[in-house]
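Reading the structure
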Amino acid sequence: MPVVDTYDGWRLPVLTFKESLLLAATFALIVHAIYKRYETQPSSYVQTFLLLIFPPIVCAPFYLQTLHSLWISLFVSFSAFHSMLVTSIIAYRLSPMHPLYQYPGPLVTKVSKLWMMYVTSTGKMNEYVKSLHDQYGPYVRLGPNEISCIDTSVFQDIFGPSGMPKGPVWDARRNPDIAPSLISLRDLHEHARQRKAWNRAFSTAAVKDYEPIVAKRVLQLAEVLEKESSEGAIDLARQFGYFAFDFMGDMAFGGGFELMRDGDKDGLWHLLEARVRNLAPLIHIPWATRLLLKIPSITGSVKKFRDFTVTCARRRKESGSSTKDLYYHLTNEEGAQVEAPTIESNLSNGELAVVAGSDTTANALCGVFYYLLKHPHEHMRLREEVDRVFPRGEGDAVDASKLAVMYILNAVINETLRLQPGVPTYTERAPAKDSDGHWVGKRFIAEGTAVVCPIYTIHRDPANFSPYPNDFKPDRWLFKSADYPLQDSKSTDEKCEWHTNASALMPFSIGPANCAGKNLALAEMRAAVAVLVQRFDMKFADGYDVGLYEKNVEDRFITQVGELCVSLSLR
Ligand code: HEM
């Protein structure tokens, strides 16, 4: 083979243009083979960067021999290398060699995550994923390396004690520069270790200790609503947001958030909303998060919120505990025989409590009142139950033990969480690192791929809930309660043959990494709903476009709602 001298004495074989293209293609295939190993989480950005620029630079001198211009040679070399790399990636993702080849789905989702990023930015990811399942069945390929599954018979293999750890989506929700909070821990052992403190904090006994805090904040909410109602229509969404935020402040940091009293003067609620919105599309590109989290326009709200929670945690630490709040349990103030957590991890977990516990609960409460006002018959049925259990003039409806066994109240909450779950799509699990893979029923999930179980779709699947899977029908829960006298319930659907797969109701997810705050969230919601139903006559505000409410409900990884404008007066 002929050779040429380069400027500094290196001797290169002379290649024709076609041979140079072949060389670039070979390099691209080698890089793809390396890249495939790190596809979900590159080992380092420097390595990835070098893999993407080094081979075309090496190939460029060969083109120089025929093209005679350095810049044109570089351009051709980069174009040839990268086109071949992209072609190779796409071909592999569509080929029978890919472990997810057998799963049906749209071409765009099989090839790239870009499409799902776009869908997420529309806020309608939940509806899109449901439409895919309607079209393709219980298993759908949702991404190059991800499937969506609504087959409840395999959920124990996914979420159960011998299931899989959290999926790569959680890498996208965690800032690598700060200690991870419980929710973003992907290592099963570390998660189980940290979860112990949360389980102590939300045990039945601990939640009982929180009852006075719940009652205090719920009654404050009722007073604020009463006061504001004299000035006209109220946006319940905002008021529930402030309420849930103040309450989680009490829980996580022993108080200090007073949005119900002072309004959102520091823009905290706004910050939390911006945080949710900005981080949502990143769930599809966890490998890029470390880089993107350096961009101020994306992370400004995240950082400001973190700074705020750091101040709260410091203040709580200095003042010590006046109640057994979440901070008390997480910081091991009771002196349980467990390893003391680090200050950094306490900060992250305090922030997690506020983020995970406020928006979710506030939006669920909003959903309850939207459905009650839209279905006055259900509203009146609930009011009768509240008045029966808490006779008028005999105190507020805040006794948690009574609230927990009220049939209609709990049916209304179940039905709302069924139709509008707080985390509509991305409860994701993936085989553990170095595990080779995991069996889900008769299907093998290879390492490097992940499974999403979209709660919104599961909850509206007629195989689980019928008839009327998309309608608000608390009756489907009442017929399940053996001792509830449905025949006396004045139900409009008495004659319905309800099929209710209670185990498919999973608004708090299932298994050892399910919602740690489930008991608290339910206690908070029951008290808030019962007190407001007991105290107020309520209707949609004049001029409020009721149809807009459901249109404005968005899936931004967690559910986001728009305004819910109501008029209310004391009964
Ligand atoms: C209606 C209200 C709520 C809903 C619908 C909800 C829903 C969820 C869901 C679906 C998950 C699990 C995600 C997964 O499986 O990957 C989760 C996790 C979690 N939630 Fe909630 N949540 C609510 C309220 C709360 C409250 C009040 C707290 C209190 C701090 C809380 C704390 C947490 C924590 C710490 C986790 C992570 C658990 C873990 O990783 O082990 N949540 N939540």
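Everything numeric here is computed off the predicted structure, so don't read it as measured data.

So, on to the sheet that holds strand β3 (residues 139–143). An order of β3-β4-β9-β6 is seen for the 4 strands of this open sheet, with the pairing classed as mixed. In this open sheet, the two strands that pair with only one neighbour each are β3 and β6 (428–429). Both strand β4 (residues 146–149) and strand β9 (residues 450–452) contribute to a ladder of 3 bridges, which runs parallel. Note on β9: the bridge partner recorded for Ile-147 is Val-451.

This part is about the packing of helix α5 (residues 114–122) against helix α6 (residues 125–136). One can describe the packing of α5 onto α6 by two numbers: an axis separation of 8 Å at closest approach and a directional angle of 130°. Classed by the angle they form, the pair α5 and α6 counts as oblique. Contact residues: α5 offers Trp-115, Met-116, Val-119 and Thr-120, while α6 offers Met-125, Tyr-128 and Val-129. Along the lines of polarity and charge, the residues of the contact of α5 with α6 split into 6 nonpolar, 1 polar and no charged.

All right, on to the domain arrangement of the protein chain then. Taken domain by domain, the protein chain holds domain 1 (17–94) and domain 2 (182–423 + 507–570). On a C-alpha basis, the centres of domain 1 and domain 2 stand 50 Å from each other.

A few words on helix α13 (residues 268–279). Here α13 contains 12 residues, and its C-alpha end-to-end distance of 17 Å stays within 8% of the 16 Å for a straight helix at 1.5 Å per residue. Within the span of α13, buried status applies to Leu-268, Trp-269, Leu-271, Leu-272, Ala-274, Arg-275, Val-276 and Leu-279.

What counts, and at which threshold
Residues numbered from 1 in each chain as written. Predicted model: local features only at pLDDT ≥ 70, side-chain atom pairs only at ≥ 80, totals over all residues. Heavy atoms only, no water. Pairing = 2+ DSSP bridges. Helix = DSSP H or I, 4+ residues; strand = E, 2+ residues; numbered from the N terminus. Axes fitted to C-alpha atoms, helices over the stretch in contact; angles between N-to-C directions. Parallel < 35°, antiparallel > 145°, perpendicular 65-115°, else oblique. Contact = heavy atoms within 4.5 Å. Nonpolar A, V, L, I, M, F, W, Y, C, P; charged D, E, K, R; others polar. Domains from an automatic or database assignment. Expected span 1.5 Å × (residues − 1). Buried < 20%, exposed > 50% of the residue type's maximum accessible area, 1.4 Å probe, protein only.

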